[in-house]
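Coordinate analysis (summary)
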Amino acid sequence: MSKKIFIKTYGCQMNEYDSNRIFDSVKKIGFIKTDDQKNADCYVLNTCHIRDKAKEKVYHEVGRVKKLYRDKDKPLMIVAGCVAQAENQEMLKREPYIDFVVGPQSYHKITQIIKNNSKKNLNIEQTDFDTIEKFRYFDKIKNNDNKISSFLTIQEGCDKFCHFCVVPYTRGPEYSRPFSKIIKEAEELVKNGSREITLLGQNVNAYSYINNSKNFKLSDLILELEKFSELERIRYTTSHPRDMSDDLIDCYSKSKKLMPFVHLPIQSGSNKVLKLMNRKHTVEEYLNIYDKLKKINNSIEFSSDFIVAYPGESEHDFEETISLVKKIKFINSFSFIFSPRPGTRAAELNLIDNEISKERLVKIQKYLFSHQLAMNKSFINQSIDVLVENKMHDQDKLFGRNKYLNSVIFKGDKKEIGKVIEVKIENCNQNSLFGKIDNNNMKAA
Ligand code: SAM
Ligand code: SF4
Ligand code: F3S
């Protein structure tokens, strides 16, 4: 009988991609995926370390699993992801219920470890930065993802060392996968039914792979994917402003499939704070990228990430961020209060008063959310292109996304899944658009 694996994923899209690949690899040794977390032979927590009490949350979660299996056979308990990398041996010492701690660049070892160890209480830790070997291993295993919209990791790690961020420590140095392997995996995804591919990397636009003295960049990948006739949409995330090169910007005029929506984190609208953060770019450089893109296509919209109350951020600095938010009118963004991360340069800095930090978060979100809602309202009574992704659970409604990644919900038959169709928007809230299929404007898939 097949063994069952349950994988719980936290954090960014890269973790989501990794969880799928972990499943692709254990499938080869007879595992099937289960959604029933109470009846798994192997329980994987794929963790994120970016903010808050990430570490404590993982121990809490393991405690919960322990309770779930109190009267049954213990599952093989694996902690993967960025907390696993950061905490490594410590986790095994503190929580013996965990059998195996594995960092993001050692996932190629999971299958072997499971195969060689059917008994529990393994006490194994693998946290080497073995990125090349990992991708060599995964390149030999088919990507079975069969979603309409798929993720494809092209680049891992980060060399930028923003003072607030754990990623360079948890994901290791920048590494770009071979161009041909990425294209092969994209082909597999399209054959499986993907109509949208989002290229992923912690610094996706730093992608650089040299072969026969040609330097392949993110722009080369986008233009190669453009040739896939069945692929409708191309996206990429997350970018760093410093790597927003002209060849990538040019893609917005050359490519018809690259969506006009740019997620470009800035973190702060104050040059002083950007310097304190070690971001290595200025507000003016960011605005220059914005202007160049808007000149190519005025309908390009932006989203961003913001950190408020970074140590040293004055009221004036914060107001500069608010001015930037008002100027660019980001349509969808993430905003967080600075959270000190163990081991980073900013970890020991003096924190801004908690009440002031919260007030700043509320204020920035007020503007961000009002722009988001205004943008959503602007679609009402318009017919927009929607890539239909799936049928909604227990409903006769379909779920899809427009070019700006807004969720669109409408009545329809599942035969529309995988097609780009026109939906007339009738209503909206901050997060979603609601409408009906515009039969006068049906588009071919
Ligand atoms: N590489 C991307 C970039 O440079 O913009 C960001 C990747 S990071 C996984 C995603 C976001 O988490 C960051 O843009 C930042 O806003 C947020 N973040 C990272 N460290 C943080 C911290 N210590 N406190 C609060 N937010 C943080
Ligand atoms: Fe973190 Fe900065 Fe690297 Fe982004 S560029 S992953 S924020 S260190
Ligand atoms: Fe979290 Fe690691 Fe992604 S810290 S955001 S899972 S790179």
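Everything below is about the structure printed above this text.
Residues numbered from 1 in each chain as written. Chains lettered and ligands numbered in written order. Predicted model: local features only at pLDDT ≥ 70, side-chain atom pairs only at ≥ 80, totals over all residues. Heavy atoms only, no water.

This part is about helix α13 (residues 315–328). Taking 1.5 Å per residue, 14 residues should reach 20 Å; α13 reaches 20 Å between its end C-alpha atoms and fits that length. All of the buried residues along α13 are D317, F318, T321, I322, L324, V325 and I328. One face of α13 carries all of its buried residues, which in axial projection span an arc of 160°. Turned more than 90 degrees away from the buried face of α13, the exposed residues are H316 and K327. Elements in contact with the buried residues of α13: α11 (271–277), α12 (283–296), β15 (301–303), β16 (305–308) and α14 (354–377). (Helix = DSSP H or I, 4+ residues; strand = E, 2+ residues; numbered from the N terminus. Expected span 1.5 Å × (residues − 1). Buried < 20%, exposed > 50% of the residue type's maximum accessible area, 1.4 Å probe, protein only. Arc of directions from axis to C-beta. Contact = heavy atoms within 4.5 Å.)

Ligand 3 sits among C12, N15, T47, C48, H49, I50, C82, R171 and Q202. Partitioning the shell around ligand 3 into residue classes produces 4 nonpolar, 4 polar and 1 charged. (Near = heavy atom within 4 Å. Nonpolar A, V, L, I, M, F, W, Y, C, P; charged D, E, K, R; others polar.)

A complete count under the given rule lists 11 aromatic pairs for this structure. Taken together, a centroid distance of 6.4 Å and an interplanar angle of 75° make the contact between F261 and Y404 edge-to-face. Linking F261 in strand β14 (residues 261–263) with Y404 in the loop between β19 (397–401) and β20 (407–411), this pair joins segments that are 143 residues apart in sequence. Take F261 and Y404: they sit in the same class, and that class is buried. (Phe/Tyr/Trp six-rings, centres within 6.5 Å; stacked < 30°, edge-to-face > 60°.)

Further remarks concern the site of ligand 2. In the vicinity of ligand 2, the residues found are C158, K160, F161, C162, F164, C165, V167, P168, N203, H240 and R279. Of the residues in the shell around ligand 2, the class split is 7 nonpolar, 2 polar and 2 charged.

Let us now look at the nonpolar core. The biggest cluster of nonpolar side chains holds 62 residues, and the ones touching the most others in it are L199 and Y236. One finds V44, F100, I114 and F138 within the second-largest nonpolar core, a separate group that totals 20 residues. (Core = buried A, V, L, I, M, F, W, Y, C linked by side-chain atoms within 4.5 Å.)

Looking now at the pattern of salt bridges. Across all of its chains, the model carries 34 salt bridges by this definition. Where R64 meets E61, a salt bridge forms, and the shortest distance between an N and an O atom there is 2.7 Å. Here E61 and R64 lie together in helix α2 (residues 54–68), a separation of 3 residues that amounts to about one turn. A residue is classified by how much of its surface remains accessible, and R64, at 29% relative accessible area, is partly exposed. Since its relative accessible area comes to 8%, E61 is described here as buried. For the salt bridge of K419 with E416, the shortest nitrogen-to-oxygen distance reads 3.8 Å. Residues participating in the shared-partner salt-bridge network are D18, K134, E156 and R171. (Salt bridge = Lys/Arg side-chain N within 4 Å of Asp/Glu carboxyl O.)

If a strand is regular, its side chains alternate between the two faces of the sheet. The buried fraction of strand β3 (residues 42–47) is high, at 6 of 6 residues. Relative to β3, strand β1 (residues 3–9) runs parallel, the two being bridged by 5 bridges. Within β3, the position partnered with T9 by the bridge is N46. Sheet topology places β3 next to strand β4 (residues 76–80); 5 bridges connect them, and they run parallel. In the strand pairing of β4, Y43 is matched with M77. (Pairing = 2+ DSSP bridges.)

Now for the side chain of T198. Examined against the element boundaries, T198 turns out to sit in strand β10 (residues 196–200). Leave out the neighbours within four places in its chain, and T198 touches S150, F151, L152, R235, Y236 and T237.

The α-helix advances 3.6 residues per turn, and as a result positions three or four apart in sequence lie on the same side. Inspection of helix α10 (residues 246–254) places L248, I249, C251 and Y252 among the buried residues, and these make up the whole buried set. Taken down its axis, α10 places every buried residue within 135° of arc, on the same side. Turned more than 90 degrees away from the buried face of α10, the exposed residues are S253 and K254.

These results come straight from atomic positions and should not be treated as a statement about function.
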